[in-house]
Amino acid sequence: MDPDHEATPPPVYEHTNSNDLRSRTSRSSRSGSFQSSIRQQDAFNPIPGGARSRSQSTSTYKGPHPFPPDMLKRSETYKSNGTKNTNRSGRPTLYPSESSSTLVGSALERKINDLDPVAERQDTGSRIEALRDHMRQHDIAYYVVPSEDAHGSEYIAPSDKRREWISGFTGSAGQAIISQTAAYVIVDSRYWLQAEEECDRNWVKVRAGEPGGFKDWVDWLLARADNVKIGLDARLISYEKATALNASLKLKGSKLYYPPQNLVDLIWSDKPPRSREPIYVQKKEFSGPGANEKLARLRDWIRKQRPAVPSYSKAEPKPSQIQVATLLSNLSCIAWLLNLRGDDIPFNPVFHSYLFVGLESATLFIELAKLTPEVEGYLQTLNVVPRDYNDIWTFLRRKEWGEGNVIISPQTSYAICLMMTSFRYTVLPSYVEEMKAVKSETELNGLRNAYLRDGAAFVKWLAWLDEKMGQGYDITEYEAAWRLTEYRRRNKYYMGLAYENISASGPNAALPHYSPHKATARMIDRENPYLNDSGGQYRDGTCDTTRTVHFGRPTPEQCEAFTRVLQGHIAIDTAIFPEGTSGAKLDVLARRALWQDGLNYMHGTGHGFGSFLNVHEGPQSFTSDVPLVAGHVITNEPGFYNAGKWGMRIESALAVRRVRTKGQFNGDVWLGFERLTCVPIQTKMVKEVMLSKEERQWLKDHNRRCLELLEPFLRTDKRAMKWLRREAERGIGIANAGPGGLTIDWD
């Protein structure tokens, strides 16, 4: 049956046990949508709105209140307006069926019920003044409102979006700093334009990283902080940052001050409540090693750590100096270690908690309402005692673990360090993060399978989009993203999206972190590249893929830039390197071809990612000095962005594997990459003359490999198979215009 004419709702692979395997397509699955001109019998009046983005869109500010009640009741994906054909000259009027007018069943219901209102930007002056009243009570000259939550999370729950609430700025990174006379929002280059659009006249927008300007918010603050008191919630800054900042402030006669309550919380009267969604077990068929095995490894590591005694001391360590436990606050580390998943933060299957691991037992601090009988029984088998989330502070203050030192990571919140005092903790890099980063064979196999299913959905969607664009339909960035999510939703083990769909055409594609809003999304045009960066969350893996395609005739400038991006992508993909090589040492490979033409991109080349966990994981990345090891997974995503015009990026996921080389110098120490992503790369924008023989062969082999691996998933979809065969077999580039301007494509 034609996917555009579904007689029944697409299947969603729901959990078979309501306590363990619930369907979670939901709170995490906020994609874009497809606007459709609904036939009369399906007509409805869409509510205008916009999607929250991966790093938030530069298009629209969603005030006055970032979290109105109806937004908190949104359905699983986004709705859309109507797709309409503009009946441009030379294109036929298409009557039979609009591009997405045939949605029925659950897909149509999701569309209608997806509330995503966009309100007008409001005046934040009253909020700032209310905050200043509390600042004066504590004699605070500056009050810092960070983006992070108490666990240092990149993505945070609505109840933790304090910086967004006070400033109106919705980006995923940036600080708000309020003084008695001004308010500042400090953002890096990714968010310069977004801050200008979203923040009202009460805010001074500071461009961190601007040539000749300040490097970051700390640099900006130190330039002003002479003999003053700077307020900050100690839960929202890490030990690492707080100690460095305190040392710098001391030289200027200033200091950090930690009010007993967060000052934003005191004035945020309608703050959303914390999630109480149940947690569930990630079974061994997906995780590989069991939680008992992981806890045993962690305890062995604790026992091997040096006692907290001065290096010059020759005396036997006291019992109070022995390392006896570790305290984890990173949410993905806790979820991975215990083989548990939750639903507290959009797109991230984690849950708010702290985990204290002693040598014999462990304590999980969590909202007890999240524990089902099944999970309670599971924790008993691990000798993990659950306690209320807020009991962590009583536990630390009373030092309930007894004698001995507790190991924490540098990213632990400074509030925990203040509660424990420096004599009771040792700061070491997170061993759990190190363990989690090296995927087991079970996790790697799961990722391979997840990327195949996700790639099949991507291909079905690309075939649909290519057909509709070729038929003359006008499709918005928003509706294209919606349709892609609907294809993903049919996949086995689908749990939602890994992040907000980045679906961008024209100048929007020049914004690396743009995501479309329904009310402001552009039509995908045929003169510029279209970029889609998206991925699904599956029980067996987290996916992250970017492809850039062109639906018209690309310009020579676009072709040259895309070819350079592709060359960088191939250079990383084919790299062979010895043990001990970090991602940072390989980063130049992705940029070399671009640099030859004086081009570059300002974001990282790639990041680690989880196994049904966060889409961004460390410690490995192409900016990190941590050596890559077999079992690491990492994305490969060079790009180029022509500001105000167009942008492009190619992203594939890689796994680090051992390889055999011809020379095997120093033995079995050589590493390379296995490509997990299985989505063709369009050849239309590639200039074949710029490629080496090896690069041309790599491109052909990749697209043919996609055909070979995805065919079993697509045999019943004639449109997708036709499109995939065409992409696998077509030549590289596009023919020059002939006499009279006649153009011929490989199709």
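Definitions and cut-offs
- Residues numbered from 1 in each chain as written.
- Predicted model: local features only at pLDDT ≥ 70, side-chain atom pairs only at ≥ 80, totals over all residues.
- Heavy atoms only, no water.
- Salt bridge = Lys/Arg side-chain N within 4 Å of Asp/Glu carboxyl O.
- Helix = DSSP H or I, 4+ residues; strand = E, 2+ residues; numbered from the N terminus.
- Buried < 20%, exposed > 50% of the residue type's maximum accessible area, 1.4 Å probe, protein only.
- pLDDT = per-residue confidence, 0-100.
- Contact = heavy atoms within 4.5 Å.
- Pairing = 2+ DSSP bridges.
- Core = buried A, V, L, I, M, F, W, Y, C linked by side-chain atoms within 4.5 Å.
- Phe/Tyr/Trp six-rings, centres within 6.5 Å; stacked < 30°, edge-to-face > 60°.
- Lys NZ or Arg CZ within 6 Å of the ring centre and 35° of its normal.

**Student:** Hey, could you run me through the pattern of salt bridges in this one?
**Tutor:** Once their charged atoms are close, side chains differing in charge can pair, the charge on each being opposite to the other. By the definition in use, this model includes 39 salt bridges. Notably, a salt bridge pairs Arg658 with Glu579, separated by 2.5 Å at the nearest N-O pair. With Arg658 in strand β27 (residues 652-658) and Glu579 in the loop between β21 (577-578) and α18 (583-596), this pair connects stretches of sequence that are 79 residues apart. Residue Glu579 is classed as partly exposed on the basis of its relative accessible area of 40%. A salt bridge links Arg730 to Glu727; its shortest N-O distance comes to 3.0 Å. According to the relative accessible area criterion, Arg730 is buried, its value standing at 10%. The buried category is assigned to Glu727, whose relative accessible area is 2%.

**Student:** So what exactly am I meant to see when it comes to the confidence of the model for the protein here?
**Tutor:** For any part of a model where pLDDT is low, the fine detail of the predicted coordinates should not be relied upon. Put simply, the protein has an average pLDDT of 85, and 82% of its residues get 70 or more. This model gives residues 1-102 a pLDDT under 50, and the stretch forms 349 contacts once residues within four places in sequence are excluded.

**Student:** Please explain the sheet that holds strand β28 (residues 670-675) as it appears in this structure.
**Tutor:** Sheet strands pair by backbone hydrogen bonding; their relative direction is either parallel or antiparallel. The 4 strands lie next to each other as β21-β28-β27-β24, forming an open sheet whose pairing is antiparallel. If you trace the sheet from one side to the other, it starts and ends with β21 and β24 (633-636), each paired once. As judged from the 5 bridges shared by β27 and β28, these two strands associate in the antiparallel manner. What sits directly across from Arg657, in β28, is Gly672.

**Student:** Teacher, can you tell me more about the nonpolar core here?
**Tutor:** For soluble globular proteins, the rule of thumb is that nonpolar side chains tend to be buried together. Leu327, Tyr354 and Leu396 are the most contacted members of the largest nonpolar core, which has 42 residues in total. The element that contributes the greatest number of residues to this core is helix α13 (residues 414-420), accounting for 5 residues. Leu396 has contacts with Leu327, Trp401, Ile416, Met419 and Met420, leaving out every residue within four places of it along the chain.

**Student:** Explain the packing of aromatic side chains to me, please; I cannot follow it from the model alone.
**Tutor:** Note on aromatic pairs: each is described by the distance of the centres and the angle between the planes. Applying the stated criterion to the full structure yields 22 aromatic pairs. Judged by centre distance (5.1 Å) and plane angle (85°), the rings of Phe286 and Tyr493 are edge-to-face. Taken together, the positions of Phe286 in helix α8 (residues 284-287) and Tyr493 in the loop between α16 (477-489) and β15 (494-497) put the pair 207 residues apart, joining distant regions of the chain. On the basis of relative accessibility, which here comes to 8%, the residue Phe286 falls in the buried class. Since its relative accessible area comes to 23%, Tyr493 is described here as partly exposed. An aromatic cluster is present here, built from Phe356, Phe365, Phe395 and Trp401 joined pairwise through their rings. The ring of Tyr601 has Arg591 lying over it, and the distance from NZ or CZ to the ring centre is 3.9 Å.

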